[in-house]
Each structure stands twice: as C-alpha cells, then as structure tokens.
Amino acid sequence: MQRVDALIRPRWTARVEPRVAIEERLAVAVDRGRIVAVVPVEEAERRFATGARHDRPRHVLLPGLVNAHVRAGASLFRGLASDRPRTDTRVARAEARWLGSELVADGARLAVAEMLLGGITCFADAYDYPDVTGEVAAESGIRAVLGMVVRETRSAWARDADEYVRKGLEVHDRFKGDPLIRTAFALCSPNDLGEATLARVRQLADELDVPVGTRLHETAAEVEASVSRFGLRPLARLRAQGLVTPALIGAHATQLEDAEIELLASAGASVAHCPRANLKQASGACRVEALRRAGVNVALGTDGADRCDRLDLWAEMRAAALLGKHVAGDATAVPAAAALEMATVAGARALNLEREIGSLAPGKAADLICVDLSRLALQPILDPLAQLVYAASGEDVTDVWIAGAHLVANRELVRLDAAAIAAAAEQWGRRLDPGAASGDD
Ligand SMILES: [Zn+2]
C-alpha cells in the first residue's frame with residue numbers, strides 16, 4: 001500500500017476536466033501538496049494508507065475557485081458607494097486620504113478571509129501595494145497572482161510609470177521563491193497609458209513570461225474616450241503594441257464588437273467576466289455566450305468589494321449564467337457546467353496556471369474544496385451540478401485545501417484569526433464612515 005497524507009471521500013466529485021460532470025463514489029488521494037489519484041473508493045482503499053481520512057458524505061468535492069479579477073486591498077470600501085453613479089468620487093477620496101500599507105494589509109486580510117471561506121483558492125489582484133497583499137497572501141496560505149500595477153498618474157504607491165514598473169518588478173523578484181505566489185501586470189486601463197508605456201509592458205511581460213491583466217472595454221464611455229484621444233478603441237491600441245496574446249486578460253469586456261471577439265479568439269486571449277460589478281454599475285453586459293462560441297477563454301472575477309459587495313464566486317457563477325442567458329436570449333446559453341468551468345479551469349488558464357490548478361487531475365496541486373449540499377433549501381438533489389451552481393452558496397463551503405494545507409475546516413478559518421480581522425474592519429469602518437466625516441456629502 002502506498003502511504004499518502006490524506007484521502008478525501010465525498011458523495012459527489014466534479015473533476016472539471018476533461019469535462020464538467022458530477023461523478024459518484026470517487027476518492028481523492030493527496031500527498032505532499034499534490035493530487036496523487038482520483039479513483040473509485042474501493043480502489044483507493046486498496047491502494048492507499050493514510051492517517052488523515054476526510055469522509056464528506058453530503059458533499060461535492062471540486063477544484064478551488066479562481067477569482068481572476070479582484071482588488072483585495074479595496075475590500076474595506078465595501079458599502080461606500082452603493083447606488084451611486086460611476087462618476088462618484090467617494091472611493092477615490094477615501095483612497096486619497098487612507099491608501100497605504102495599513103489599509104491594504106487590513107483590506108487584503110479581510111478579502112482573503114472572505115475568499116477562503118467561500119472556496120476561492122486563488123486570486124489575481126490589481127491594486128496598489130501588491131507587496132503588502134503578497135505578505136498577507138503568504139501568511140494566509142492562499143494562492144495569489146499579485147498585480148504589478150501600471151499607471152501614469154500618481155497614487156500613494158508610485159508617482160509615474162517608471163516608478164510603478166520598478167516597484168512592480170521588485171515585487172516580482174521578492175516573491176519569486178514562493179511556490180504559491182506569482183505576478184502579472186495589472187494595467188488600470190489602456191486609456192491611462194501612452195504607447196511607450198504599453199510597449200514597455202509588452203517587452204517586460206514577454207521577458208518575465210507573466211500575464212497582462214487590464215480593464216478592457218468596461219463601459220461605452222471608456223471606449224469613446226479612447227477613440228477621441230487616440231483615434232482607436234482600447235483593444236486596437238493593445239493590438240498595435242503586440243499585447244493581444246495568450247497572456248492578455250481583459251477584465252469586464254462589456255463592449256465588444258464581433259471582430260473584436262474574433263481577434264481575442266484567434267489570439268488565444270482571455271476575458272475576466274465580472275457580471276455583478278457590471279450589473280451594479282450599469283456598465284453593460286459581456287456577451288459571454290458569443291465569446292464562448294468563438295472559443296475565447298472566459299474566466300470569472302468579482303472586482304473589488306466596493307463594486308460588487310461580496311467577493312463571492314458562487315454569486316458570480318450564478319450571475320454569469322443568468323445574465324449570459326438573458327443577453328443571448330437563450331435559456332440554454334451559459335449552462336451550469338460552463339459557469340463552473342469559468343470559475344475554475346478557465347481562471348487557471350487565464351492566469352497561466354492550468355498545469356498547476358483548475359481541475360482534479362493527478363499531479364496538479366491539491367487546491368480542493370468541499371460543498372455541503374444538505375441544506376434544506378437545496379433539497380431534493382435531482383441535478384447536483386445545476387444545484388451546485390444555481391442554489392448553493394459560499395456559506396455551504398465546509399473545507400478548503402490549498403497545496404494540501406487544510407485552511408478551512410468545518411466552515412472555520414484554520415490559519416487566519418477571524419475575530420482579529422473583524423475587529424480591524426470595524427475600526428476602519430469608523431474611520432471611513434461617510435456619515436461621520438466632516439464636510440462630506
Ligand atoms: Zn475592474
């Protein structure tokens with residue numbers, strides 16, 4: 001018998017690859033942080049000996065969810081700008097006053113705790129102070145792709161493109177040895193950047209072999225501004241600089257013409273769809289079914305908590321499926337299997353991590369979650385895959401493992417101190433309360 005670190009025996013398993021489907025009576029063996037086998041329970045009992053056996057008789061076991069677009073450090077701005085127009089400056093003013101390593105550390109810790117409890121095992125960040133977010137990720141054990149933010153306007157983090165790039169590269173070097181942490185360029189918007197900066201990002205992304213995330217056609221106004229300023233739509237500017245490649249992750253993408261969808265498909269680029277943020281800000285709707293039919297890799301993101309209120313990929317999966325059907329005028333569009341694929345392996349692919357995570361396959365990292373389907377509101381279970389996507393929620397996640405480490409057990413954080421995180425958030429709430437600030441609206 002082969003000795004392994006752990007054996008997990010759920011009622012249902014969703015391997016996600018080679019296809020998204022629910023299977024029964026499988027067990028997953030984990031050793032030294034990796035999946036060793038996904039085999040029938042009887043075979044697992046014959047082959048593997050272990051001290052840690054996790055029986056989950058009412059649960060689905062699936063790969064951890066991948067949040068392909070978030071601003072973790074901004075999570076303390078949750079609730080600050082609800083029901084306000086996109087031009088509202090509350091968050092920008094709060095950032096001008098408070099953005100710094102303290103805000104980002106407490107915000108990122110809050111975000112990571114929320115994401116872990118909801119089954120997100122990997123996130124791609126796009127916020128200032130990625131060094132601080134990286135420290136929080138490292139202490140928590142979550143997998144992260146830190147954003148090397150690039151802008152040409154000053155923030156508390158950097159003053160110009162040169163400094164953003166230099167500090168981003170320092171973050172890249174600093175976390176090089178951490179097996180759970182990678183980096184990617186995070187362009188706030190192509191509109192913020194001149195051609196020289198775009199060319200520099202292209203060259204560095206090629207050298208470092210890292211993804212390039214950017215806001216892409218989030219709103220009609222953003223596209224119009226690009227046309228009037230540069231004579232080109234943002235995607236055309238990225239193409240002119242050679243940035244439309246498999247490394248590109250375009251976030252939001254609510255304004256895409258047919259030819260642009262074709263371009264993304266033929267280039268092998270990805271879209272990070274953030275349906276709830278788009279709906280709440282009335283930004284427009286991403287044509288997910290058209291993208292999928294064209295062969296574009298569509299991942300899912302939450303965006304920051306100031307935009308979407310919850311860093312909850314279950315809510316995003318559901319919104320992606322519902323909005324996708326609505327936009328396509330077709331109830332069969334964006335089915336549950338597609339939504340789950342977007343939240344797992346498509347996210348891994350976008351972040352160039354598909355060899356490591358995104359599905360349950362021997363050799364991949366043991367980034368696994370269990371979802372309890374026994375709640376009354378989920379009964380009866382006639383279609384476990386559809387009910388997982390349409391009826392379950394982050395609160396049904398009972399266990400999270402990342403690289404084999406058990407980080408959420410029985411719905412509780414193992415490594416992070418939930419009470420301390422809540423206390424810090426409460427303190428920030430008093431500082432950020434718009435009603436309490438003098439001279440505020
Ligand atoms: Zn965004």
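Criteria and cut-off values
- Residues numbered from 1 in each chain as written.
- Predicted model: local features only at pLDDT ≥ 70, side-chain atom pairs only at ≥ 80, totals over all residues.
- Heavy atoms only, no water.
- Helix = DSSP H or I, 4+ residues; strand = E, 2+ residues; numbered from the N terminus.
- Core = buried A, V, L, I, M, F, W, Y, C linked by side-chain atoms within 4.5 Å.
- Buried < 20%, exposed > 50% of the residue type's maximum accessible area, 1.4 Å probe, protein only.
- Domains from an automatic or database assignment.
- Contact = heavy atoms within 4.5 Å.
- Donors = N, O, S within 2.8 Å, 3.2 Å for Na, K, Ca; no water.
- Axes fitted to C-alpha atoms, helices over the stretch in contact; angles between N-to-C directions.
- Parallel < 35°, antiparallel > 145°, perpendicular 65-115°, else oblique.
- Left-handed = near helix turned anticlockwise from the far one by under 90°.
- Nonpolar A, V, L, I, M, F, W, Y, C, P; charged D, E, K, R; others polar.
- Pairing = 2+ DSSP bridges.
- Buried area = accessible area lost by both parts, 1.4 Å probe.
- Salt bridge = Lys/Arg side-chain N within 4 Å of Asp/Glu carboxyl O.
- Polar contact = N/O pair within 3.5 Å; in protein donor to acceptor, adjacent residues only side chain to side chain.

1. Some points on unusual backbone geometry
Note on backbone geometry: most residues besides glycine have negative phi, and most peptide bonds are trans. Of the consecutive residues E17 and P18, the connecting peptide bond is found in the cis state with omega at 5°. By the element assignment, P18 lies in the loop between β1 (2–14) and β2 (22–24). For Y129, which is not glycine, the phi dihedral falls at a positive 60°. Position of Y129 relative to the elements: it lies in the loop between β7 (120–125) and α4 (130–140). Even without a glycine there, the phi angle at D303 is positive, about 70°. Structurally, D303 is set in the loop between β13 (297–300) and α12 (305–308).

2. A few points about the nonpolar core
One finds L62, L116, F185 and L264 to be the most contacted residues of the largest nonpolar core, which totals 115 residues. Among the elements that take part in this core, helix α3 (residues 101–117) stands out by supplying 10 residues, more than any other. Composition of this core by domain shows at least three residues from each of domain 1 (2–62 + 368–410) and domain 2 (65–350). Residues within four places of L264 in sequence aside, it is in contact with L235, V244, L248, L256, A269, V271, L291 and V296.

3. Regarding the coordination of the zinc ion
Looking at the zinc ion, the protein donor atoms are H69 (NE2) and H252 (NE2), and they sit 2.2 to 2.3 Å from it. With a gap of 183 residues between them, H69 in strand β6 (residues 65–70) and H252 in strand β11 (residues 248–252) connect regions that are remote in the sequence. H252 gets classed as buried once you look at its relative accessible area, which sits at 1%.

4. Let's talk about the packing of α3 against helix α17 (residues 418–432)
Two elements in contact, α3 and α17, have axes separated by 10 Å at closest approach and are oriented at 130°. With respect to each other, α3 and α17 are oriented oblique. Once α3 is placed against α17, the crossing between them reads as left-handed. Contacts between α3 and α17 pair E102, L103, D106, R109, L110 and A113 from the former with I421, A424, A425, W428 and R431 from the latter. Residue classes in the contact of α3 with α17 are distributed as seven nonpolar, no polar and four charged.

5. Considering the sheet that holds strand β9 (residues 181–187)
Across the sheet, which stays open at both edges, the eight strands sit in the order β6-β7-β8-β9-β10-β11-β12-β13 with parallel pairing between neighbours. Lying at the two open borders of the sheet, with one neighbouring strand each, are β6 and β13. Strand-to-strand, the axes of this sheet are offset by a mean angle of 25°, without reference to chain direction. Both strand β10 (residues 212–216) and β11 contribute to a ladder of five bridges, which runs parallel. From the neighbouring strand, G213 faces β11, where its bridge partner is I249. Lying over the sheet, helix α5 (residues 161–174) contacts β8 (143–150) and β9, oriented at roughly 160° with respect to β8.

6. Side note on the domain arrangement of the chain
Each assigned domain of the chain is listed here: domain 1 (2–62 + 368–410) and domain 2 (65–350). The gap between the C-alpha centroids of domain 1 and domain 2 is 29 Å. Contact residues are listed per partner, giving 24 residues for domain 1 and 29 residues for domain 2. Taken together, both faces of the contact between domain 1 and domain 2 bury some 1900 Å²; the carbon and sulfur share is 73%. For the domain 1 face of the interface with domain 2, the top three residues by lost area are V389, Y390 and I402, together amounting to 32%. Where domain 1 touches domain 2, the interface holds two salt bridges. Taken together, domain 1 and domain 2 are joined by two residue pairs in polar contact (both at pLDDT 80 or more). Of all the elements, helix α16 (residues 384–390) adds the most residues to the side of domain 1 that touches domain 2, at five residues. For the side of domain 1 that touches domain 2, the class distribution of residues is 20 nonpolar, two polar and two charged.

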